[in-house]
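Descriptive structure summary
If you want the building blocks of each chain, they are given just below.
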Amino acid sequence: MKIFKLLEIMHNLLNKLQEMYEVLQRMQNAMVESDYENFEKSVDQQEKILAEIRNYEKSRIDILKELLQSDILPEKNVLVQKLFEAEPEADFSLQEEYLNIKNSLVEVVGEIENLNFQNKYLIDHSRKFIKELVTNLYGVKNQKLLDRKV
């Protein structure tokens, strides 16, 4: 049954998104601690996980298209109904599992978006601080920092 394959892919996708969240947390800690080595490792891990997520998402969409026998997927609220109509052997528990995984995916994606926003904020403020520091050191007629009153 293709619905089982779809659920398996969604479970894998959820696991990868949770792994991504953990990597983003490590990345944030590395930024705060100015740990460049761990930051670089986090970026590498993030790229690998993103590639895996893309593959799972492509597989998920391909299975949905196969099940619905259409290249155009219906709106989200119609999708579940059509999906389980296309696979009549699927029982109510599978539909419930599908909805639970879908809700978990939405929740984890929301957490990742929040963490990404926080990381972007940290990066933006770090850049601003560095720019101001360089301006203070070299920008005002080559005046040295020690010559200025703090």
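Residues numbered from 1 in each chain as written. Predicted model: local features only at pLDDT ≥ 70, side-chain atom pairs only at ≥ 80, totals over all residues. Heavy atoms only, no water.

Looking now at the overall build of the protein chain. Assigned secondary structure in the protein chain consists of four helices and zero strands. Counting from the amino terminus, helix and strand elements in the protein chain follow one another as α-α-α-α. Expressed as a percentage of its 150 residues, the buried residues of the protein chain come to 26%. Taking the intrachain contacts of the protein chain between residues at least 6 apart in sequence as the baseline, contacts between residues at least 24 apart amount to 65%. A total of about 10,900 Å² of accessible surface is found on the protein chain, and carbon and sulfur atoms cover 52% of it. (Helix = DSSP H or I, 4+ residues; strand = E, 2+ residues; numbered from the N terminus. Buried < 20%, exposed > 50% of the residue type's maximum accessible area, 1.4 Å probe, protein only. Contact = heavy atoms within 4.5 Å. Areas by Shrake-Rupley, 256 points an atom, 1.4 Å probe, with all protein chains shown as cover.)

Attention shifts here to the environment of Asn38. With respect to the helices, strands and loops of the structure, Asn38 is situated in helix α2 (residues 36-68). Taking the C-alpha atoms as reference points, Asn38 and Gln28, ten residues apart in sequence, are found 9.9 Å from one another.

With respect to the helices and strands, the residue Asn119 is situated in helix α4 (residues 92-139). Take Asn119: its relative accessible area is 3%, and that puts it in the buried class. Of note is the side chain of Asn119, whose polar atom sits 3.2 Å from the side chain of Gln28. (Polar contact = N/O pair within 3.5 Å; in protein donor to acceptor, adjacent residues only side chain to side chain.)

It is worth spelling out the nonpolar core at this point. Ranked by size, the top nonpolar core spans 31 residues in total, and within it Ile3, Leu6, Leu17, Leu83, Phe84, Tyr98 and Leu105 carry the most contacts. Put simply, the parts of the chain that give this core at least two residues each are α1 (2-32), α2, α3 (76-86) and α4. The element that contributes the greatest number of residues to this core is α1, accounting for 13 residues. Not counting residues within four places of it along the chain, the set of residues in contact with Tyr98 comprises Leu6, Leu7, Met10, Leu79, Val80, Leu83 and Phe84. (Core = buried A, V, L, I, M, F, W, Y, C linked by side-chain atoms within 4.5 Å.)

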